[in-house]
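Breakdown of the fold
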Amino acid sequence: MTMPRPDRLWRNARLATMAPGLPGLGIVEAGAVASSGGRIVYAGAEADMPAGLRDAAETVDCAGRWITPGLIDCHTHLVHAGDRAHEFELRLQGASYEEIARAGGGIVSSVKATRAASEADLVAATLPRLDALIAEGVTTVEVKSGYGLDLDNEAKQLRAARRLAAVRDIGVATTFLGAHALPVEAGGDKDAYIAKVAAEMLPAIAADGLADAVDGFCEGIAFSPEQMARVFEAATALGLPVKLHADQLSNLHGAALAARFGALSADHLEYTDAEGAAAMAAAGTVAVILPGAFYFIRETKAPPIDLFRAAGVPMAVATDCNPGTSPMTSLLLTMNMAATLFRMTVEECLLGITRHAAQALGPAAETGTIEAGKWCDLAIWDIERPAELVYRLGFNPLHARIRRGR
């Protein structure tokens, strides 16, 4: 079969393909990547490339630079209005995350600001945060709702998230997080609110095609495992995959709950136990590690990285960009924090923002590695070795970002 003439060819490069069929980071020295129609048609040693692929419409000499897959931030609350700098000051004075939330701060504070903003306002407020991620080579980002807490405002957030892909060249995966917190108007009745999320909000969101997945916050200050199970049952009936904020502040066995529903991911996981890790491994659920929130709220219990390693749970790493507990827009810094605070390896960190991050979102067959057939989403780096991407602080060595072959 004659292969199509490539639109573009990147040659004289060192590849960290992250491909599962290769050891470690899937390194290929003296490598090349060819793309046609936005998809990779060849990735491997330049010497082994078929002759018919060498005559590309455009050839880029990478001069020995490293190429990784485009980066993926698989857990963000990127779309919101306002900030919570005042709560940061309170936390510095000794107030805990729970104390701030119970006093009307926290998520509820962001709900007020987000409800008051228009869809256009939300897009405008989000773009600087998104641009910071793009500047570091991010080509796919997940965006959650959860600051509306009623149908109109949750839908508004998700529409704003979808619009980001129209004004920037980036892939956006949206997640409905209606079960994020209890709105003031619910009058303290969590069961009634969860019933509304499951029976009214979720079907409407699904009917409008606004969500790629469904998430929730399973915690003492949020919702119980039983309440989250009701939301997950409704999501499953609608054909939507689920994920869960689990075991962040206590062990409510959220990881095991997520696994029971075949969740794409369970996220945070500081208090997850061996039973939860084993359940995640059996279900193929990705552990999303969020060092920004751990650092920002001055948590002292680290997620059980050794348990996840021993059980064979794939680990992703994400910014958790949000206004209250992780106002961070740098995946490079996130990797350094994961390595420094949690002793994750360079290999684990880099797989965590590429291949495993793609698994956490679901489109692993389309992105996350440099392999023929996948979208040609690449990041080209001015570095001597991949460890530099994890090791450096406040330094961005991105040379070029490629999305869909452009």
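Residues numbered from 1 in each chain as written. Predicted model: local features only at pLDDT ≥ 70, side-chain atom pairs only at ≥ 80, totals over all residues. Heavy atoms only, no water.

Named according to an unreviewed UniProt entry, the protein chain is Imidazolonepropionase originating from Prosthecodimorpha hirschii. Looking at the protein chain in UniProt, the text filed under Catalytic activity (unreviewed entry) is "4-imidazolone-5-propanoate + H2O = N-formimidoyl-L-glutamate". (UniProt positions renumbered as here; feature names shortened; annotations may be inferred.)

**Details of the sheet that holds strand 13 (residues 315-317)**
Taken in spatial order, the eight strands make up an open sheet running 6-7-8-9-10-11-12-13, and their pairing is parallel. Strands with a single pairing partner mark the edges of an open sheet, and in this sheet they are strand 6 (71-73) and strand 13. Between one strand axis and the next, the sheet turns through 25° on average, direction left out of account. The strands that helix 7 (residues 225-237) touches are strand 8 (171-179), strand 9 (213-218) and strand 10 (243-246); relative to strand 9, the one it contacts most, it runs at about 175°. (Pairing = 2+ DSSP bridges. Helix = DSSP H or I, 4+ residues; strand = E, 2+ residues; numbered from the N terminus. Axes fitted to C-alpha atoms, helices over the stretch in contact; angles between N-to-C directions. Contact = heavy atoms within 4.5 Å.)

**Topic: the UniProt feature "binding site: Zn(2+)" (unreviewed entry) in the protein chain**
UniProt records the feature "binding site: Zn(2+)" (unreviewed entry) for H75, H77, H245 and D320 in the present numbering. Across 246 residues in sequence, these annotated residues keep their C-alpha atoms within 12.2 Å of one another, forming a single compact spot. Structurally, H75 can be placed in the loop between strand 6 and helix 1 (85-92). Setting aside residues no more than four positions away along its own chain, H75 makes contact with E142, K144, H245, D267, H268, V288, L290, A318, T319, D320 and C321. Reaching out from H75, the side chain makes a polar contact with the side chain of H77 at a distance of 3.2 Å. In this fold, H245 is placed in strand 10. Relative accessible area serves as the criterion here: at 3%, H245 is assigned to the buried category. (Polar contact = N/O pair within 3.5 Å; in protein donor to acceptor, adjacent residues only side chain to side chain. Buried < 20%, exposed > 50% of the residue type's maximum accessible area, 1.4 Å probe, protein only.)

**Quick look at helix 9 (residues 274-283)**
Among all positions of helix 9, only G276, A277 and M280 are buried. The buried residues of helix 9 occupy an angular sector of 100° when the element is viewed end-on, so they sit on one face. Residues of helix 9 that are exposed and point over 90 degrees away from its buried face: E275 and A282. Buried-residue contacts for helix 9 involve helix 8 (254-260), strand 11 (265-268), strand 12 (286-289) and helix 11 (305-311). (Arc of directions from axis to C-beta.)

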